Amino acid sequence: MMQNFRLIPDEAFGIKAIVRIRDIDAIVHNFRLFKAKADQTNTICAAVLKGDVYGLQIKDVAPALYEEGARYFFIEELGEGVELRGILPYDDIHIYALGGLLHDEERYFKEYRLKPCLNSLEQIKRWNAYCKDHGRGSAIIHLDTHMNRLGLLDDEVQILSENYKELTSDINIEFFISHFYDIKGSDPSNCYRQLEVLDGYRAKLPDVPVSFACTDSVILLDNKVFNFDMIRPGIGLVGGAPNAASPISPDARHTMEVYAKISQVKTVKKGQTIGYGGAYSTKKDTRLALVHIGYKHGYLRLLSEIDTNPKGVYMFIAGYKIPVIGKISSGATTVDVTDVPEKILEQYHYAEVIGPNVDIKILADISGCYDILGALGGINSRIADYTLEDFNTRFHNTGF
């Protein structure tokens, strides 16, 4: 186990209590795994980079994926698209904004050669009118297959089908998209119900390419049925999956590591309470330590371990799991180091928060989603941030 615990030199921390390492090559590796699935069904493999690539940072990820051959990218909103266009100014890059065409954004979509995902009849009409006056444009249309979120529902699809030529007279509709709303469990019946709705919509509309599949469906569903013309992996690129037991492949790689300094090793008696609210009571005499990371750094408070709602979250130090105990504070988290030998605590002054020994997929299962990755990956001046390549270069490939 020791060989998987990364050695972090003091210089890497500098004046910070936290080190974050982003493995861009691992993202490219994971993209290849999804592309292999897409190739089997003659499907385009796009890349969803919204939310700054769940904290892996678009400025580093986008060029690497372009070098790998990715040409179709999805982001959430206009500002992300403008940033991505600045990173990838090339004519062969297609950038789609899933959030849609919001008020007064038309000119920016044109200027930066971005393609809106039109989520309502109003957006279709507005984009078509703008393109009529400013030159033909492109877009995609989101068909809401009863998720009741983004996209056109039954009534708007009917109107679109009856007036398609008029409503899209000055727009090139590249493809229709939809999105699954209930796929992480073992019962895929709602996915097939959505497919039936989509088939009904398509029967009314012109024959346009379709994109339905994202990370979870590529992993869990029949690719021959659901891949259609384009898949859109997002969280899977950064090591995510529908659940911890279902990665895209056993070869899928984690992409982010976070380490935080430890202080104040102390012993408390059985029955003592730990942290705010006295919400956790020690079950035995316990050696505890403070890890200097908390919710202000993105380590979500809902991962706290309290008596009434045990979660089982842990960190890791040199071969030993160290359970989180008590409520997570703004800048510190208490851990149980009872089983860690004294010589280990003397040698290592930091813990692995996420990484090869603390699987982000397990934390996502516990917290309910991948909020934890986006939170820990956010730009934060209190964190010493490196790509793995930069870390290895600056600190002479310290390794595991």
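Residues numbered from 1 in each chain as written. Predicted model: local features only at pLDDT ≥ 70, side-chain atom pairs only at ≥ 80, totals over all residues. Heavy atoms only, no water.

Can you help me understand helix 7 (residues 121–134) in this one?
Since the α-helix packs 3.6 residues into each turn, any two residues three or four apart lie on the same face. Under the 1.5 Å per step criterion, the end-to-end length of helix 7 is 20 Å for 14 residues, consistent within 8% with the ideal 20 Å. Among all positions of helix 7, only Leu121, Gln123, Ile124, Arg126, Trp127, Asn128, Tyr130 and Cys131 are buried. Downstream of helix 7 by one or two residues, Gly135 has phi in the positive range, about 105°. (Helix = DSSP H or I, 4+ residues; strand = E, 2+ residues; numbered from the N terminus. Expected span 1.5 Å × (residues − 1). Buried < 20%, exposed > 50% of the residue type's maximum accessible area, 1.4 Å probe, protein only.)

I tried to follow the pairing of strand 6 (residues 115–118) on my own but got confused; where do I start?
Consecutive side chains of a regular strand alternate in pointing toward one face of the sheet and then the other. Burial along strand 6 is two-sided: the residues Lys115 and Cys117 and Pro116 and Leu118 are all buried. The sheet contact formed by strand 5 (residues 94–97) and strand 6 spans two bridges and is parallel. Across the sheet, the residue bridging to Ala97 is Pro116, located in strand 6. For the crossover that starts at strand 5, traverses helix 6 (residues 106–111) and ends in the parallel strand 6, the hand is right-handed. Inspection of the sheet shows strand 6 paired to strand 7 (residues 137–142) by two bridges, in the parallel sense. In the sheet register, Cys117 faces strand 7, and the bridge partner there is Ile140. Handedness of the crossover joining strand 6 and strand 7 through helix 7 is recorded here as right-handed. (Pairing = 2+ DSSP bridges. Right-handed = clockwise from strand over helix to strand, strands pointing away.)

What's the story with the environment of Ser329 in this structure? I'm lost.
Within the secondary structure, Ser329 sits in the loop between strand 16 (320–323) and strand 17 (333–336). Along the primary structure Ser329 and Met256 are separated by 73 residues, whereas in three dimensions their C-alpha atoms are 22 Å apart. With residues up to four places along the chain from it excluded, the contact list for Ser329 reads Tyr276, Gly294 and Tyr295. (Contact = heavy atoms within 4.5 Å.)

Quick question: what am I supposed to make of the sheet that holds strand 10 (residues 230–232) here?
The pairing of strands in a sheet happens through backbone hydrogen bonds and is either parallel or antiparallel. Reading across from one edge, 2-10-9-8-7-6-5-4-3 is the order of the nine strands in this open sheet, with parallel pairing throughout. What marks the edges here is a single partner per strand, and that holds for strand 2 (44–45) and strand 3 (47–48).

Please explain the nonpolar core as it appears in this structure.
The tendency in soluble globular proteins is for nonpolar side chains to be buried side by side. Leu49, Leu65, Ile293, Tyr299, Met315 and Ile317 are the most contacted members of the largest nonpolar core, which totals 131 residues. The leading source of residues in this core is helix 2 (residues 24–40), at seven residues. Contact partners of Ile317, with chain neighbours within four places excluded, come to Phe5, Ile262, Ile322, Val340, Ile344, Leu345, Tyr348 and Tyr350. Counting residues in each nonpolar core, the second largest holds five residues, with Val268, Ile274, Leu288 and Ile325 among its members. (Core = buried A, V, L, I, M, F, W, Y, C linked by side-chain atoms within 4.5 Å.)

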